[in-house]
Amino acid sequence: MDSLAMGHFFLPVLQDMVASLPKVRCAVLCTPDGFNIASIGLDEKQVGKMAALSSSLMAVGASAIDGLPLGSGEGSGGLNVMTMEAGGVHVATARIQRQQGGDLVLMVAAASPLGVVLHVLQSTRSRIAGM
């Protein structure tokens, strides 16, 4: 599937996420190497930058987690969700493991309570993983 077709395929799910989350600033769905698939709330210049930053943050966070002794003896299994907050805006990024089509990274930024952001992020993550 080419990138334009992928964008059209996933955009309705991203739109549903944005509609169910108050005070959304932006949302991005990208590949782990930073290639944008679909986004909402960003202008043309911001899209590529946010896709690259989202995937890079997940990679850096995963490296930090992999270095921690988590007590299981089996390793952490990788970073799944990362959150940040600045000025009342919560940014949450999730790795989406898919059976077909490769893994993806989903990022959303909203001036909403962190629990609400995480709930909507996890729900959207599950929908995309099943597609």
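The text that follows walks through the structure, step by step, so that each part is easy to find. (Residues numbered from 1 in each chain as written. Predicted model: local features only at pLDDT ≥ 70, side-chain atom pairs only at ≥ 80, totals over all residues. Heavy atoms only, no water.)

Points about the overall build of the protein chain
Helix and strand content of the protein chain: 3 helices and 5 strands. Element order for the protein chain, N to C, with α for helix and β for strand: α-β-β-α-β-β-β-α. For 131 residues, the compact-globule formula gives about 14 Å, and the C-alpha radius of gyration of the protein chain, at 14 Å, lands near that figure. In terms of overall dimensions, the protein chain has a C-alpha envelope of 40 × 35 × 25 Å along the principal axes. Burial analysis of the protein chain (131 residues in total) assigns 37% to the buried set. Of all intrachain contacts in the protein chain linking residues separated by at least 6 positions in sequence, the fraction that spans at least 24 positions is 53%. Summed over its atoms, the accessible surface of the protein chain is roughly 7200 Å², and 57% of this surface lies on carbon and sulfur atoms. Averaging the coordinates of the 8 positive side-chain charges in the protein chain and doing the same for the 9 negative ones gives two points 7 Å apart. (Helix = DSSP H or I, 4+ residues; strand = E, 2+ residues; numbered from the N terminus. Rg over C-alpha atoms; globule rule 2.2 N^0.38 Å. Buried < 20%, exposed > 50% of the residue type's maximum accessible area, 1.4 Å probe, protein only. Contact = heavy atoms within 4.5 Å. Areas by Shrake-Rupley, 256 points an atom, 1.4 Å probe, with all protein chains shown as cover. Lys, Arg positive; Asp, Glu negative; His and termini not counted. Charge placed at Lys NZ, Arg CZ, Asp CG, Glu CD.)

Observations regarding the packing of helix α1 (residues 3-20) against helix α3 (residues 114-129)
Close contact between α1 and α3 brings their axes to 10 Å; oriented N to C, the two are set at 165°. Between α1 and α3, the crossing angle belongs to the class labelled roughly antiparallel. Along this stretch, α1 crosses α3, giving a crossing that reads as right-handed. Across from Phe10, Val13, Asp16, Met17 and Ser20 in α1, the residues of α3 making contact are Val120, Thr124, Arg127 and Ile128. Classifying every residue of the contact of α1 with α3 gives 5 nonpolar, 2 polar and 2 charged. (Axes fitted to C-alpha atoms, helices over the stretch in contact; angles between N-to-C directions. Parallel < 35°, antiparallel > 145°, perpendicular 65-115°, else oblique. Left-handed = near helix turned anticlockwise from the far one by under 90°. Nonpolar A, V, L, I, M, F, W, Y, C, P; charged D, E, K, R; others polar.)

Looking at unusual backbone geometry
What you tend to see is this: most non-glycine residues have negative phi, and most peptide bonds are trans. With a phi angle near 60°, Lys23 is a residue other than glycine that sits in the positive phi range. Looking at the secondary structure, you find Lys23 in the loop between α1 and β1 (24-30). Taking relative accessible area as the criterion, Lys23 reaches 61% and is therefore assigned exposed.

Things to note about the sheet that holds strand β3 (residues 81-86)
Here we have 5 strands laid out as an open sheet, ordered β2-β1-β5-β4-β3, and antiparallel in their pairing. On the outer flanks of this sheet lie β2 (36-40) and β3, each paired with one strand and no other. On average, each strand axis in the sheet is tilted by 10° relative to the strand beside it, whichever way the strands run. Sheet topology places β3 next to strand β4 (residues 89-96); 6 bridges connect them, and they run antiparallel. The residue bridging Val81 from the neighbouring strand is Ala94, located in β4. Contacting β1, β2 and β5 (104-110), α1 runs over the sheet at an angle of about 35° to β2. This element, helix α2 (residues 44-66), spans β1, β2, β3, β4 and β5 of the sheet and lies at about 70° to β1. (Pairing = 2+ DSSP bridges.)

Some thoughts on the pattern of salt bridges
Counting across every chain of the model gives 1 salt bridge. The partner of Asp16 in a salt bridge is Arg127, and the shortest N-O contact between them spans 2.9 Å. In this pair, Asp16 is assigned in helix α1 and Arg127 in helix α3, connecting sequence segments 111 residues apart. (Salt bridge = Lys/Arg side-chain N within 4 Å of Asp/Glu carboxyl O.)

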